[in-house]
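Chain by chain, the residues:
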Amino acid sequence: MSGNEQKYIDEAFETNWIAPLGKNVDEFEKEVAKYNGTAGAAAMSSGTAAIHIALELLDVRQGDIVFCSSLTFVASANPIYYLGGEPVFIDSEYETWNMSPVALARAMEEAQEKEKLPKAVVIVNLYGQSAKMDELMAICDLYGVPVIEDAAESLGSYYKGKHSGTFGKFGIFSFNGNKIITTSGGGMLVSNDVGKVERARFLATQAREKARHYQHQTVGYNYRMSNILAGIGRAQLEVLDDRVKARRAVFARYEKALGGIEGISFMPELTGTYSNRWLTAMEVDPEKLSVTANELMDALEKENIEARPVWKPLHMQPLFEGCKFYAHADDDVVSERLFARGICLPSGSNMTVKEQERVIQVIRERLG
Ligand SMILES: *Cc1c(COP(=O)(O)O)cnc(C)c1O
């Protein structure tokens, strides 16, 4: 917390707006839209809810196909199932660890041949790093397929000078407890289509029609953000840029201390992009180091230091068994390689230099 949160919470209490609507919600939406330079924003109870509403707005229905990044948290794809859609997973590429334009192009060509194009493409910006948006958007535009940018992890990041999350038809952010800024739980849908943003608010408020009585003709959801939590979000947004600087400093210290070691490589930052470095992730080459990523995580765990693998690709999850997957190349499945070799290091914005030095020391010792 930054210190100002209580002020906005107190305001909600004093004005007795303890509801999923009120001044904090309205202002938080305006402030997030202004920060990112989008025409509109709709506050949701979670990032997952925002993805669900975005897919709903793009008319995803039973049996529809939706393309999605494979190397991501399950929340990117779960809402496809909520709507009865069929996810098709797209591999990563090396320069961003995000969706491979080569694999996407192949998937689109095949979908076109079968005359069953996807209703949407969910593009994830992993650990703060933007995907290759120019290339990916060009492919999606060519086939006329709308994009949902899952920017849950990349609030405060930029791609070629433009805010991450503002490239697709919709962008979504998360304010879950582990994200770069938090409302304890919450999310936001952003778009330049203000009509759709208004429709998102409507769907997220049980799709209650404009009438004095309770009138309903569409299925709705209870997905709006609480006015108290939006108060926390307003104060958090004020310090977002500081948080990004802190995370980037954490990354830079790890890279300086360990990046020179043959066999360790850090998550790249594509030229022209600026990552919030939500998590510091690195790749461990077991051949060069004679230590696997797992063994390194074991060594850290022994010292009570929590590190984690990078996301297990969704095409490898039992939940999505039978779903189609397009690899970067036949003999090169980039997301599987990153899963086998990747480690996310402790990266909190409030980490002290001393704490970080301890992590670095344990890694150095294990590597010998
Ligand atoms: C956190 C996260 C989400 C979901 O956000 P919630 O607010 O936790 O529902 C979606 N996608 C990615 C990539 C995430 O990291």
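For the structure, check the block above.
Criteria and cut-off values
- Numbers given for residues are sequential positions, taken from 1 along each chain in its written order.
- Thresholds applied to this predicted model are a pLDDT of at least 70 for local features of residues and 80 or more for the giving and counting of side-chain atom pairs; totals over whole chains, interfaces and linings are not thresholded and use all residues.
- Water and hydrogen atoms play no part in the side-chain values, which are based on all heavy atoms of the structure.
- Runs of E in the DSSP output that reach at least two residues are strands. Runs of H or I that reach at least four are helices, and both are numbered from the N terminus.
- To get the radius of gyration, use the C-alpha atoms; to get the globule rule, take the number of residues to the power 0.38 and multiply by 2.2 Å.
- Remark: exposure states derive from per-residue accessible area (1.4 Å probe, protein chains only) relative to the maximum for the residue type, with buried under 20%, exposed over 50%, and partly exposed in between.
- Contact criterion: two residues are considered in contact whenever any of their non-hydrogen atoms come within 4.5 Å of each other.
- With residues, only the protein chains shown are counted as cover, and all accessible areas are computed by Shrake-Rupley using a 1.4 Å probe.
- Positive residues here are Lys and Arg, negative ones are Asp and Glu, while His and the chain termini are left out of the count.
- We put the charge of a Lys on NZ, of an Arg on CZ, of an Asp on CG and of a Glu on CD.
- What counts as a salt bridge is simple: a side-chain nitrogen of Lys or Arg found within 4 Å of a carboxyl oxygen of Asp or Glu.
- Put simply, a residue is near a molecule or strand once any heavy atom of it comes within 4 Å of that molecule or strand.
- In protein, a polar contact means a hydrogen-donor-capable atom and an acceptor-capable atom, both N or O and within 3.5 Å, with residues adjacent in sequence counting only if both atoms are side-chain atoms; elsewhere, any N or O pair within 3.5 Å suffices.
- Strands were regarded as paired on the criterion that DSSP finds at least two bridges between them.
- Under this scheme, a helix contributes an axis fitted over its contacting stretch, all axes are lines through C-alpha atoms, and angles between N-to-C directions fall in the 0 to 180 degree range.
- Put simply, a crossing is left-handed when the front helix is turned counterclockwise from the back one by less than a right angle, and right-handed when it is turned clockwise.
- Working definition: a ring pair exists when centres of Phe, Tyr or Trp rings (six-membered ring for Trp) sit within 6.5 Å. Plane angles under 30 degrees give stacked, over 60 give edge-to-face, the rest tilted.
- Remark: a charge is flagged as sitting over a ring if the NZ atom of Lys or the CZ atom of Arg is within 6 Å of the ring centre and within 35 degrees of the ring normal.

Participant: Would you mind showing me how to read the overall build of the protein here?
Facilitator: When helices and strands are tallied, the protein shows 13 helices and 15 strands. On C-alpha atoms alone, the protein measures out to a radius of gyration of 21 Å, which is about the 21 Å that the 2.2 N^0.38 rule sets for 368 residues. Dimensions of the protein, computed from C-alpha atoms along their principal axes, come out at roughly 70 × 55 × 35 Å. Relative to its full complement of 368 residues, the protein shows a buried share of 55%. In the protein, of all internal contacts separated by at least 6 residues, the share reaching a separation of at least 24 is 71%. Summed over its atoms, the accessible surface of the protein is roughly 16100 Å², and 49% of this surface lies on carbon and sulfur atoms. Between the centroid of the 40 positive side chains of the protein and the centroid of its 50 negative side chains there is a distance of 5 Å.

Participant: Sorry, what's going on with the pattern of salt bridges here?
Facilitator: A side chain with one charge can pair with a side chain of the opposite charge if their charged atoms come near. For the structure on display, the rule yields 21 salt bridges. In this structure, arginine 341 engages glutamate 283 in a salt bridge whose closest nitrogen and oxygen atoms are separated by 3.9 Å. Residue arginine 341 is found in helix 12 (residues 334-341), and its partner glutamate 283 is found in strand 12 (residues 280-284); the two are separated by 58 residues along the sequence. Linked by salt bridges that have partners in common, Glu56, Asp59, Arg61, Asp64 and Lys119 make up one network.

Participant: Teacher, can you tell me more about the site of the ligand here?
Facilitator: Close to the ligand lie 15 residues, the nearest being Gly47, Thr48, Glu153, Ser174 and Lys179. One nitrogen or oxygen atom from the side chain of threonine 48 is found 2.5 Å from an oxygen atom belonging to the ligand. Aspartate 150 is positioned such that a nitrogen or oxygen atom in its side chain is 2.8 Å from a nitrogen atom of the ligand. Look at the ligand: alone it shows 380 Å² of surface, and the protein chains cover 94% of it.

Participant: Would you explain the side chain of serine 92 in this entry?
Facilitator: In this structure, serine 92 sits in the loop between strand 3 (86-90) and helix 5 (101-113). Of the polar contacts made by the side chain of serine 92, one reaches the backbone oxygen of tryptophan 97; its length is 2.8 Å. Among all residues touching serine 92, those that are not within four sequence positions of it are Leu71, Trp97, Asn98, Met99, Ser100, His328, Val334 and Ser335.

Participant: Help me out: how do you make sense of the sheet that holds strand 5 (residues 147-150) in this one?
Facilitator: Backbone-to-backbone hydrogen bonds pair the strands of a sheet. The strands run either parallel or antiparallel. Pairing is mixed in the open sheet, where eight strands are placed in the order 1-9-8-5-4-2-3-14. Every interior strand has two partners, whereas the edge strands, strand 1 (40-44) and strand 14 (325-326), have only one. Here strand 4 (residues 120-124) runs beside strand 5; their pairing, made up of four bridges, is parallel. Each bridged residue has a counterpart across the sheet, and for valine 122 the counterpart in strand 5 is isoleucine 148.

Participant: Even after reading the chapter, I still don't get the packing of helix 9 (residues 240-258) against helix 13 (residues 353-367), so can you show me in this structure?
Facilitator: For any two helices packed against each other, the geometry comes down to the angle between their axes and how far apart the axes lie. Viewed as axis vectors pointing N to C, helix 9 and helix 13 meet at an angle of 35°, and their least axial separation amounts to 11 Å. Helix-helix and strand crossings are classified by hand; for helix 9 and helix 13 the assignment is right-handed. Contact residues: Val250, Arg253, Tyr254, Ala257 and Leu258 in helix 9; Val353, Gln356, Val359, Ile360, Ile363 and Arg364 in helix 13.

Participant: Looking at this structure, how should I read the packing of aromatic side chains?
Facilitator: In this description, an aromatic ring pair is defined by two values, namely the gap between the centres and the angle between the planes. Applying the stated rule across the entire model yields 10 aromatic pairs. Taking the centre distance of 5.1 Å and the plane angle of 50° together, the rings of phenylalanine 28 and phenylalanine 175 count as tilted. Pair noted here: phenylalanine 28 is in helix 2 (residues 23-36) and phenylalanine 175 is in the loop between strand 8 (170-174) and strand 9 (187-191), with a separation of 147 residues, a long-range link. Phenylalanine 175 sits in the buried class, given a relative accessible area of 0%. Through pairs of rings, three or more aromatic residues link up here, namely Phe73, Tyr127, Trp278 and Trp311. Just above the ring of phenylalanine 167 sits the side chain of lysine 162; from NZ or CZ to the centre is 4.5 Å.

Participant: Hey, could you run me through the environment of arginine 364 in this one?
Facilitator: Examined against the element boundaries, arginine 364 turns out to sit in helix 13. For the pair arginine 364 and leucine 296, spaced 68 residues apart in the sequence, the C-alpha separation amounts to 9.8 Å. Apart from the residues within four sequence positions on either side, arginine 364 is in contact with Ala257 and Leu258. For arginine 364, the side chain forms a polar contact with the main-chain oxygen of alanine 257, separated by 2.9 Å.

Participant: Explain the sheet that holds strand 7 (residues 162-163) here, please?
Facilitator: The strand order across the open sheet built from three strands is 7-6-11, with neighbouring strands paired in antiparallel fashion. Every other strand in the sheet has two partners, leaving strand 7 and strand 11 (273-274) as the edge strands with one partner each. One ladder, built from two bridges, connects strand 6 (residues 158-159) with strand 11; its direction is antiparallel. For tyrosine 158, the partnering residue across the bridge sits in strand 11 and is tyrosine 274.

Interpretation in functional terms is not warranted from these geometric data alone.
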